[in-house]
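Architecture and fold: a report
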Amino acid sequence: MKSTKKLLAILLALVLVLAACSPANKETGKETGAETGTETNAETSAENNETDGKTYKLGVLLYNGSDNYIGTVRQALEALDAADDSIELDIQDGQNNQATQLEQIDAMIAKQVDGLLINIVDFGSGKSVKEKVAGTNIPTVFWNRDISADLTADDLAKFIFYGTVAPQAGVMQGEMAYENWTANKALDRNGDGKLQYVMLHGGLDNAEAKARTEESIKYFKDKGVEVEEIGMQVAEWDADKAKQAVDAWMAKDGDKIEMIFSNNDGMAFGAITALQEAGYNKGDASKHIPVYGVDALADAIKKIEEGTMDGTVRQNNETMAQGMITLIKNKLTKDDWTEGTDLEIYEDGVSVRMDYEKVTKQ
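So, here is what we can say about the structure in this document.

Cut-off values and rules
Residues numbered from 1 in each chain as written. Predicted model: local features only at pLDDT ≥ 70, side-chain atom pairs only at ≥ 80, totals over all residues. Heavy atoms only, no water. Helix = DSSP H or I, 4+ residues; strand = E, 2+ residues; numbered from the N terminus. Buried < 20%, exposed > 50% of the residue type's maximum accessible area, 1.4 Å probe, protein only. Contact = heavy atoms within 4.5 Å. Areas by Shrake-Rupley, 256 points an atom, 1.4 Å probe, with all protein chains shown as cover. 1 Å grid on protein atoms, 1.4 Å probe; cavity = no way out; pocket = protein on both sides within 12 Å on 5 of 7 lines; lining within 4 Å. Points joined across faces, edges and corners; volume = space filled by probe spheres on them. Pairing = 2+ DSSP bridges. Axes fitted to C-alpha atoms, helices over the stretch in contact; angles between N-to-C directions. Expected span 1.5 Å × (residues − 1). Polar contact = N/O pair within 3.5 Å; in protein donor to acceptor, adjacent residues only side chain to side chain. Phe/Tyr/Trp six-rings, centres within 6.5 Å; stacked < 30°, edge-to-face > 60°. Nonpolar A, V, L, I, M, F, W, Y, C, P; charged D, E, K, R; others polar. Salt bridge = Lys/Arg side-chain N within 4 Å of Asp/Glu carboxyl O.

Attention shifts here to the overall build of the protein chain. Looking only at helices and strands, the protein chain features 11 helices and 13 strands. Counting over 362 residues, the protein chain shows a buried share of 55%. Long-range pairs, those at least 24 residues apart, make up 76% of the contacts in the protein chain between residues at least 6 apart in sequence. Of the roughly 15,500 Å² that the protein chain leaves accessible, carbon and sulfur atoms contribute 45%.

Inspection of the entire model under this criterion finds one cavity of 30 Å³ or more. Computed from the structure, the largest cavity encloses a volume of approximately 150 Å³. Lining the largest cavity are 13 residues, with Asp67, Asn144, Arg212, Trp237 and Gln315 sitting closest to its centre. Secondary structure elements with two or more residues in the lining of the largest cavity: helix 3 (68-83) and helix 7 (207-222).

Bringing the sheet that holds strand 4 (residues 115-118) into the picture now. Strand order in the open sheet made by the six strands is 3-2-4-5-6-12, with parallel pairing throughout. At either end of the open sheet lies a strand with only one pairing partner, and these are strand 3 (87-93) and strand 12 (351-354). Averaged over all adjacent pairs, the angle separating strand axes in this sheet is 20°, with direction ignored. Bridging between strand 5 (residues 140-143) and strand 6 (residues 159-164) involves four bridges; their strand directions are parallel. Pairing of phenylalanine 142 across the sheet is with phenylalanine 161, part of strand 6. Along the sheet, helix 5 (residues 126-134) makes contact with strand 4, strand 5 and strand 6, crossing strand 6 at roughly 140°.

Spanning 18 residues, helix 11 (residues 317-334) covers 26 Å between terminal C-alpha atoms, matching the ideal 26 Å at 1.5 Å per step. For helix 11, the N-terminal capping position is held by asparagine 316, with its side-chain oxygen 2.9 Å away from the main-chain nitrogen of glutamate 318. Backbone geometry just after helix 11 places aspartate 335 at a positive phi near 55°.

Where two aromatic rings form a pair, the distance of their centres and the angle of their planes describe that pair. Counted according to the given criterion, the structure contains six aromatic pairs. Relative to tyrosine 219, the ring of tyrosine 178 lies with its centre 5.9 Å away and its plane at 65°, an arrangement referred to as edge-to-face. With tyrosine 178 in helix 6 (residues 166-183) and tyrosine 219 in helix 7, this residue pair connects regions lying 41 residues apart in the sequence. Tyrosine 219 matches tyrosine 178 in its accessibility class, with the two residues each being buried. A centroid spacing of 5.8 Å and a plane angle of 80° characterise the contact between tyrosine 178 and phenylalanine 220, whose relative ring orientation is edge-to-face. A residue pair is termed long-range when its members are at least 10 positions apart, and tyrosine 178 in helix 6 and phenylalanine 220 in helix 7 qualify at 42 residues. By relative accessible area, phenylalanine 220 is classed as buried at 0%. Every member of this aromatic cluster is reached through a ring pair, and the members are Tyr178, Tyr197, Tyr219, Phe220, Phe261 and Tyr292.

Roughly 410 Å³ of volume is contained in the second largest pocket. In terms of lining, the second largest pocket is formed by 23 residues, of which the most central are Tyr63, Asn64, Asn96, Glu236 and Trp237. If one sorts the elements of the lining of the second largest pocket by residue count, helix 8 (residues 239-253) sits on top with three residues. Per-class residue counts for the lining of the second largest pocket are six nonpolar, nine polar and eight charged.

Mapped onto the elements, aspartate 106 comes out in helix 4 (residues 98-110). What makes aspartate 106 partly exposed here is its relative accessible area of 37%. Along the backbone, aspartate 106 and valine 133 are 27 residues apart, and their C-alpha atoms lie at a distance of 8.8 Å. Within the structure, aspartate 106 has its side chain in polar contact with the side chain of lysine 132 (distance 3.0 Å).

With that out of the way, let us pick up the pattern of salt bridges. Applying the stated criterion across every chain yields a total of 17 salt bridges. For the salt bridge of glutamate 226 with lysine 194, the shortest nitrogen-to-oxygen distance reads 3.6 Å. Within this pair, whereas glutamate 226 is found in the loop between helix 7 and strand 8 (227-234), its partner lysine 194 is found in the loop between helix 6 and strand 7 (195-201), the two being separated by 32 residues in sequence. Salt-bridge contacts for aspartate 253 lead to lysine 252; the nearest nitrogen and oxygen are separated by 3.4 Å.

Bringing the environment of glutamate 208 into the picture now. For glutamate 208, the location among the structural elements is in helix 7. Residues glutamate 208 and asparagine 263, 55 residues apart in the sequence, show an inter-C-alpha distance of 8.4 Å. Not counting the four nearest positions on each side in its chain, glutamate 208 is found in contact with Phe123, Asn144, Arg145, Asp146, Thr164, Ala166 and Tyr356.

As structure tokens, then:
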């Protein structure tokens, strides 16, 4: 078992290293108007929760394995699993169906897993999922999809959320876009000094999507730039739905749109496809509409270097994976989520947060 895991660790580590290599510029740090969390140091955290030879069985529940970002987190989790004999991961895909995920949780409870790592499907199901697990002795980390509003200080004995500070991604998106806007006057296509933009929204029930949408535009307003929304579409993180929206916008208002904001890279890819089919973002600076995403997927970084996309915000998949593993192992070995690690409970008292990172072309 150990030799197999080490071999898999080497192979997966090589894949992750190759995927992470990029000449794109990465910036981190606290942004005006957003609070930052604590970012995981993988080596330090791993050393601080050794398990004395015991192997813990952990159930990992994904909201949707087809989601581009969640797929990268899964890869990072599999690399950690292969390298660490103290954990054994059982990863299940909820396929964006809460009923399916609830059945998977029941199955995990029946298997008597030692811990649960839940990337919830439906934000409105946080309380019911919590109630389902509360009758067991299984500590649970909710991750990525923020249900911290459903957690209380009393819940911290068994539950915690691990993720990002939602507004930060929007602030960073806005900052990158504003810097581009002020440096390149040609982006103001009609010369009215006003930013005309369209917005690709991930989902109205998603705290991260709402924060990214609001904060990116608020950054321009706070800088004194008048803005006008040409269109907003809830495209549910989907590239095809985003393309359809941008196709329609370009057909109707293609000469007015000056910038495209997307809550994730996947929808940004759909936007870029639509733009290129309309003759934009193909290398001619006079026919370029800036596109900004979130997740810093490998394809996004490639598009930024090619000049077809202008920026993205990294939600580091390895930090996400290592953070949740550190929390659950610490809880299982020390009955405390963060003791002896470099992680800290966030100001809400029920979560631990990691930082986003800006990515632009060098």
